[in-house]
Amino acid sequence: MRLIGVNTPERGEPLYEGAAAFAEDNLEGELVTLELDAEEEDDYGRLLAYVYRSDGSMFNEALVREGNAQEVASFPPNTRYLDR
């Protein structure tokens, strides 16, 4: 799965371990809701989604806010929360 609107470090890149630990700490055992945008999959067959935790917060935003991902330029047509 690919999170819409963010870019996280790849395995082996600097800061990967911290981003992976943040995801695990925040999502392990959590019941999440996925929201799709205009496209369901990317060119690599990965599901494209916004991830919401049970408290209603968007995990994609939390990754950026906590410094574990970079906000990326939009990739139309998946731009539902571009202004957010």
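About the cut-offs
Residues numbered from 1 in each chain as written. Predicted model: local features only at pLDDT ≥ 70, side-chain atom pairs only at ≥ 80, totals over all residues. Heavy atoms only, no water. Core = buried A, V, L, I, M, F, W, Y, C linked by side-chain atoms within 4.5 Å. Buried < 20%, exposed > 50% of the residue type's maximum accessible area, 1.4 Å probe, protein only. Helix = DSSP H or I, 4+ residues; strand = E, 2+ residues; numbered from the N terminus. Contact = heavy atoms within 4.5 Å. pLDDT = per-residue confidence, 0-100. Pairing = 2+ DSSP bridges.

**Remarks on the nonpolar core**
One finds L3, V6, F22, V51, F59, A62, L63 and A69 forming the largest nonpolar core, which totals 8 residues. Ranked by the residues each element gives to this core, the list is headed by helix 2 (residues 59-65), at 3 residues. Excluding its chain neighbours within four sequence positions, the residues that come into contact with A62 are F22 and R53. Formed by 5 residues, the second largest nonpolar core is a distinct cluster that contains I4, L48, Y50 and M58.

**Quick look at the confidence of the model for the protein**
Averaged over every residue, the pLDDT of the protein is 93; the share at 70 or more is 99%. Looking at the elements of the protein, mean pLDDT is at its lowest for strand 5 (residues 70-71), recorded as 90, and at its highest for strand 3 (residues 33-35), recorded as 98.

**Considerations on the sheet that holds strand 1 (residues 2-3)**
The mixed open sheet is built from 3 strands, whose spatial order is 1-4-3. One side of each edge strand has no neighbouring strand; the edge strands of this open sheet are strand 1 and strand 3. Bridge count between strand 3 and strand 4 (residues 48-52): 3 bridges; the pairing is antiparallel. By the bridge assignment for strand 4, L34 is matched with V51.

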